[in-house]
Every structure is written in structure tokens, then in C-alpha cells.
Amino acid sequence: MHGWENEFKFEPYKRWSIPLGSPKSLVFAGAGRVEVSTWDREIIADILRRPKDFIQFDIANFLLNRFGPNVLSTDGEVWARHRKLVASTLNENISKVVFDQSLVLAGGMVSEIFENSGPGSDCAETNRIFDLVKKLAITILVNAGMGGNQAWKDAAVKQVKPGFKLTYIEAVKAVIGNLVAAAILPRWFTSWYPPFLPGYDTMKLLSYAVGEFRAHTKDLIDEEKQRSAERGSVARNNILSMLLNASKEEERITSGTGSQAKNSLSDEEIMGNIFIFTSAGFDSTANTLAYTLVYLVQNPQYQDWLFEEIDALVPSDPEEPLEYTSVFPKAIRCLAVMLETLRLHPPLVHLGKMTGTPQVVRTSTSEIEIPTGTIIFINSVVVHLDPGVWRDLNRNKFEPAPHKDDIDGDVPDECRFRPSRWIINPSDTENTQPKIFQPPKGAFIPWSMGPRVCPGQKMAQVEFVAIFLVLLRAHRLEAVKMVVRDASGNEREEADHELHERIVQLIKKSVSKVTQEMDVYNIADGKCSRGLGFRLVRRH
Ligand code: HEM
């Protein structure tokens, strides 16, 4: 069952592997192939530092091959060629662009939320915060990745290029939202799908989206090549431009040496990587933002904790710009909130790897031999809840007291949202800044680790911090209570404990699609019977 890691957590290990003397690894022997699920830190660290011995196995990675070979779906020397070029583009120039774009676009999103609440209003409500955050994440990626210049408002107005049915963003969203169907169904099938069968609208959308994503990306590549020819070899500050430039540079160097080895990327490979940037970066970041919003309304004491940091960091004049280089490195509480969300909700609930030849691996107790063709699922959910690492970590006098209505008294500390566990405060006598806690190897893997660690890690952090700087600089976040019927049929407002329980259930019912997510998107009804209504209250 895909995504069982989130639903059952430690249970399968307790039931099946502990009695056999293997507390952290579970072996499934099925029809001809052996699968292992593990949360042993030693095994995790050993496997992830050896990508040649443990190659990619994740069905999603292969699905992500649809638009061309790319850094996520390849292995060995081909992967090394992709990785060198891809990693070089996700640099500090891009981080600055992402920071600036995130500030501007998040500002646009807040203005839209306030638009319907009347001039000078002190608070505004929306049932669509999670859809708005998805739009925010994809627009930031397209602007920083493809050199687009979509303003928040422009993005709201549909600007379809002549000859197309969908904008680039719509095509990307449709493909990622229906990844399996997009990857395996041929074009003729989606194009000729009969209108009287269920799922017709999705098939129709996909029939346009797959072809148009390819055509849009090809246009973007051609336009960027044209610009580059006009400018000489100076790359613009976006991922596509830097990737094309880096690839061209590799080609030039190789041709000078007379070597036959190919170090550059073909147009198809560039297209494959552009799709990976967009798909790997979009869903994971958008869902991390969504979980954080929910945890912050459930734990308002951590909003106060963030206000202390943000008020000290950002200029009191809202017109004064925020500088990436001076603000981001100091926003460590904001970063701690992101790390805590990713600890509790890693977008990938497992990392799938496979042995191509027999391998010996180190475990926490000994060494074991793993036969060829074994699939190993590294359980990110469970290793992030290891009480030996996380329970009561970095408790100190600077952390906020639990909320006065805390009704989760029996929930163990490692299962709670407590971002302050990530901060090591200097002792009273030391004159140093607080630091982010560095977990032991293999204990915290939302971005994987080792040579194949996510190259977009810093970019996601920068985007996250900038968005929360904008949201919390001037607002407090609250969940909107629903109207419910009591036993005698009278309508009343939800009580605090009912709202709390509703949020607990919303988080608990997360499912693992491309990445882990809550059922909070595409809220159509005005009452918000699904998802969660949000209120932004001005602080000043
Ligand atoms: C919160 C946000 C993110 C999380 C949690 C995340 C997580 C991950 C993980 C776990 C992997 C390894 C997958 C595997 O080995 O199967 C990965 C790989 C990758 N990620 Fe991210 N990612 C995030 C954001 C981004 C962003 C913003 C980008 C780029 C724009 C990006 C680009 C990539 C690429 C290109 C790879 C493949 C690297 C390789 O195989 O060498 N990611 N990511």
C-alpha cells in the first residue's frame, strides 16, 4: 500500500520485525523480489552515500522521465553529467532571485486576500489559502526557473499564447496533478477518450497539457538560445538560461580537448531537467508551506515566537526593501519552523533504492549482505520520529510555553510540532548567536543526503523564509471556525476543542500522492466543508 509509512508509522516494525530481533528493518519477500523497509540510521547513511551501489528505484522517478532523461531518473555516469550541470545552476544568484520573487508575489497574494474585505479592514478571510499558496509556489518557480516575469495579478488573468489552450503554468499543474496518467497514457488515448465516460474532463485536460508542456518548454528553450546568441555567453539569472549556458560551455571545453566524452546536455535532456525542476520543486515546497500554515494556527505560541525574530529582523518601515544577504542567514527561527514541518511531514514518505549487484551494508548492530535486485525503501517518516534523537531535544528557557488550551498532553514530544527543538541557544555566558541543530547522519532526510541530496534545498528554504516574512511581518494567522449543528438541530459556532480536533484529523488524513499532502486543495464551496478557512489579522 503506497504511503503506509505515514498511516502505520512504527506499527509494522513492532508487529513483525521486532519479534524477529530486527527492530528497525522489515523484509517483505513477495513474488520473486525482496523488499526491505528500514529506519536504521546506519543503513540509511551507508546507502545514501553510495549512489553507484544503490541506484534509483522509485516508480515516480521513472514517471518523471516522460519529457526526457533527467538528473532524477538517471544513474551512473549519465547522472553525474546531469548533476554537474544542474547543481551549478542552483546557486546564490538564483537564491537571491527566488527571495526577491517570493517577497513580491507573496505580497500580491496577501493583497488579493484583503481585496474583498473592504478598504482599511483589519482582517480578511479566505477558504482558498492552500490553492493560493500552490499558485504562489509555481509562479515563483516559473519566474526564477524560466526567467518569467509574471506579476501576481498577471498570473490571475489568463494569458494563453496563440495556438495554445493552456498557459505554461496550467500545463505544468495538469501534468503534475495527474502524473501517472500523464506518464503512461498515450496521446491518442487521452485525445479520443469518450465524453460519456467518467474522468473525461481530466483526460481532455491531459491531452492538451502533455503536448503543450513540451511545446511551451521548447519555445522557452529556443527564445533563451536566441537571447543568448544576441548577448554572447552571459547567462541571465534564471535556471534555464544558466543550464543552457553551462551546457554550451561544457561542449566548448570538450570540443577543445578532442575528447569523445559527452559532457553537455541535449535539448531533450534540458527539457527533461526543466520538467524535474518544476515538478520536484513545486509540489514539495507548496505542501510544506501548507502544513506549516496549519501547524501555526494550531500552535499560535509559535507565531509569537516568530514575531520576535521577524520584528527584530525587518525594518519597521514596510516600504524599506528586505535584502536576501542580510535577512535570510539570520532568520533561523523561520528556518527551524520549516525543518520541523519537514520532520513531521517529509514530502517523500520513503526514498526507494535498488541493488544492481550484491552489496554489504552497515547496520546499527552488524553488517548484512543484500542480494542483487533488492529494493530498499528508506522510511523517512519513521526515522524522523525516532525518540532516541528527537524526544525532548534542546528544551530550554527560550522556547514558548505550550498553548493554554493544549489538549494533546499525552502526545509524545517527538510527534509534536516544536520548532524550538531545532535551535541550540548559547549558554548565558557565551556571546554567540543561536545555531540550527545538526542531526546525526541519517536521522533527518527530507532532502535525502549524500551525493544525490536535493540540489533545490537552499532554494526551497529561501522561498519558505521569504513567504513567511511577508505573511507574519504584518499579520497573525487564525483558522476560521465552522458553523455546526448541535444535537437539537440549532446552529452554533464550533468550539475551540472541536476546531482543534478537526485540524488534527485534517493532518492525520494526509495522503501520499506525488508528495505527501492534506485534502485541502480545489475548495469550491463557500462554506469550506473541506480544507480549512483562514483569517489574516493585521498586527499593527
Ligand atoms: C521542500 C522542498 C523540497 C524537498 C523536500 C525536496 C526533496 C527531494 C528529495 C528527497 C530528493 C531525492 C529523491 C530521490 O533520491 O529519489 C530530491 C531530489 C531532487 N530535487 Fe528536491 N526537494 C525540494 C525542493 C526542490 C526544488 C525547489 C528543486 C529545484 C528547483 C528541487 C530539485 C531536485 C532535483 C533536480 C533532484 C534530483 C537530484 C539528483 O537525483 O541528483 N527540489 N528532492
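The rules we used
- Residues numbered from 1 in each chain as written.
- Predicted model: local features only at pLDDT ≥ 70, side-chain atom pairs only at ≥ 80, totals over all residues.
- Heavy atoms only, no water.
- Near = heavy atom within 4 Å.
- Polar contact = N/O pair within 3.5 Å; in protein donor to acceptor, adjacent residues only side chain to side chain.
- Helix = DSSP H or I, 4+ residues; strand = E, 2+ residues; numbered from the N terminus.
- Nonpolar A, V, L, I, M, F, W, Y, C, P; charged D, E, K, R; others polar.
- Donors = N, O, S within 2.8 Å, 3.2 Å for Na, K, Ca; no water.
- 1 Å grid on protein atoms, 1.4 Å probe; cavity = no way out; pocket = protein on both sides within 12 Å on 5 of 7 lines; lining within 4 Å.
- Points joined across faces, edges and corners; volume = space filled by probe spheres on them.
- Phe/Tyr/Trp six-rings, centres within 6.5 Å; stacked < 30°, edge-to-face > 60°.
- Buried < 20%, exposed > 50% of the residue type's maximum accessible area, 1.4 Å probe, protein only.
- UniProt positions renumbered as here; feature names shortened; annotations may be inferred.
- Contact = heavy atoms within 4.5 Å.
- Expected span 1.5 Å × (residues − 1).
- Pairing = 2+ DSSP bridges.
- Axes fitted to C-alpha atoms, helices over the stretch in contact; angles between N-to-C directions.

## Comments concerning the site of the ligand
Then, number 1: In the vicinity of the ligand there are 27 residues, among which Trp79, Arg83, Lys353, Arg452 and Cys454 approach most closely.
Then, number 2: A distance of 3.0 Å is found between an oxygen atom of the ligand and a side-chain nitrogen or oxygen belonging to Lys353.
Then, number 3: Within the contact set of the ligand, an oxygen atom lies 3.0 Å away from a side-chain nitrogen or oxygen of Arg452.
Then, number 4: Element by element, the count of residues in the shell around the ligand is highest for helix 14 (residues 267-298), at seven residues.
Then, number 5: Across the shell around the ligand, the residue classes tally to 16 nonpolar, eight polar and three charged.

## Some points on the coordination of the iron atom of the ligand
Then, number 1: Here the protein supplies the iron atom of the ligand with just one donor, Cys454 (SG), and that contact is 2.3 Å long.
Then, number 2: Note that Cys454 resides in the loop between strand 10 (435-436) and helix 20 (457-474).

## As for the layout of surface pockets
Then, number 1: The calculated volume of the second largest pocket comes to roughly 1300 Å³.
Then, number 2: Lining the second largest pocket are 50 residues, with Ile138, Thr167, Ile169, Glu170 and Lys173 positioned closest to its centre.
Then, number 3: Broken down by secondary-structure element, the contributors of at least two residues to the lining of the second largest pocket are helix 7 (129-146), helix 8 (152-156), helix 9 (168-177), helix 12 (200-231) and helix 14.
Then, number 4: Considering each element in turn, the lining of the second largest pocket owes the most residues, eight residues, to helix 7.
Then, number 5: Considering only residue class, the lining of the second largest pocket consists of 19 nonpolar, eleven polar and 20 charged.

## Structural notes on the environment of Ile138
Then, number 1: Relative to the elements of secondary structure, Ile138 occurs in helix 7.
Then, number 2: A sequence separation of 92 residues divides Ile138 from Asp46, and the C-alpha atoms of the two residues are 34 Å apart.

## Regarding the packing of aromatic side chains
Aromatic ring pairs are defined here through the distance separating the ring centres and the angle between the ring planes.
Then, number 1: This structure, assessed with the given rule, holds 22 aromatic pairs.
Then, number 2: When the centroid spacing of 6.1 Å and the interplanar angle of 70° are considered together, the rings of Phe57 and Phe377 count as edge-to-face. Taken as a pair, Phe57 in the loop between strand 3 (54-56) and helix 4 (59-63) and Phe377 in strand 8 (residues 375-379) lie far apart in primary sequence, 320 residues in all. One exposure class covers both Phe57 and Phe377, and it is buried.
Then, number 3: Relative to Phe468, the ring of Phe464 lies with its centre 4.8 Å away and its plane at 40°, an arrangement referred to as tilted.

## Quick look at the UniProt feature "binding site: heme" (unreviewed entry) in the protein chain
Then, number 1: Within the UniProt annotation, "binding site: heme" (unreviewed entry) is assigned to Cys454.
Then, number 2: For Cys454, a relative accessible area of 29% gives the class partly exposed.

## A word on the side chain of Glu269
Then, number 1: Mapping Glu269 onto the fold places it in helix 14.
Then, number 2: The buried category is assigned to Glu269, whose relative accessible area is 7%.
Then, number 3: Those residues in contact with Glu269, other than ones at most four positions away along the chain, are Pro69, Arg81, His82, Lys262 and Ser264.

## What about helix 6 (residues 92-115)?
Then, number 1: Compared with the 34 Å implied by 1.5 Å per residue over 24 residues, the 35 Å span of helix 6 between its first and last C-alpha is a close match.
Then, number 2: If you check the start of helix 6, you find a side-chain oxygen 3.1 Å away from the backbone N of Asn93, and it comes from Asn91.

## So, empty space enclosed by the protein
Then, number 1: Within the structure shown, the criterion is met by three cavities of 30 Å³ or more.
Then, number 2: Quantified by volume, the largest cavity comes out at close to 50 Å³.
Then, number 3: Lining the largest cavity are Ile47, Leu48, Arg50, Pro51, Phe54, Gln56, Lys353 and Arg452.
Then, number 4: Mapped by element, the contributors of at least two residues to the lining of the largest cavity are helix 3 (41-48) and strand 3.
Then, number 5: Of the residues assigned to the lining of the largest cavity, the class counts are four nonpolar, one polar and three charged.

## Thoughts on the sheet that holds strand 1 (residues 25-29)
In a beta sheet, neighbouring strands are held together by backbone hydrogen bonds and run either parallel or antiparallel to one another.
Then, number 1: Strand order in this open sheet of five strands is 1-2-8-5-3, and the pairing throughout is mixed. With one partner strand each, in any of the chains shown, strand 1 and strand 3 form the two edges of the open sheet. The average undirected angle you get between the axes of adjacent strands in this sheet is 30°.
Then, number 2: Relative to strand 2 (residues 34-38), strand 1 runs antiparallel, the two being bridged by five bridges. Pairing of Phe28 across the sheet is with Glu35, part of strand 2.
Then, number 3: Of the strands in this sheet, strand 1, strand 2, strand 3, strand 5 (350-355) and strand 8 touch helix 3, which is tilted by about 120° from strand 8.

## Concerning the sheet that holds strand 11 (residues 475-479)
Then, number 1: Strand order in the open sheet formed by three strands is 4-16-11, with antiparallel pairing between adjacent strands. At either end of the open sheet lies a strand with only one pairing partner, and these are strand 4 (123-126) and strand 11. Within the sheet, the average angular offset between the axes of one strand and its neighbour, ignoring direction, is 20°.
Then, number 2: Taken together, the four bridges between strand 4 and strand 16 (residues 534-538) define a ladder with antiparallel strand orientation. Along strand 16, the bridge assignment pairs Ala124 with Leu536.
Then, number 3: Sitting on the sheet, helix 20 is in contact with strand 11 and strand 16, with an inclination near 95° to strand 11.

## Thoughts on helix 17 (residues 332-344)
Then, number 1: Counted at 1.5 Å a residue, the expected span for helix 17 with its 13 residues is 18 Å, and the 18 Å between its end C-alpha atoms agrees.
Then, number 2: With 13 of 13 residues buried, helix 17 lies mostly within the body of the structure.

## Topic: unusual backbone geometry
Then, number 1: Phi angles above zero are rare outside glycine, and Lys9 is one such case at about 45°.
Then, number 2: For Asp392, which is not glycine, the phi torsion reads 55° and is therefore positive.
Then, number 3: Positionally, Asp392 belongs in the loop between helix 19 (387-390) and strand 9 (423-424).
Then, number 4: Given the relative accessible area of 42%, Asp392 is considered partly exposed.

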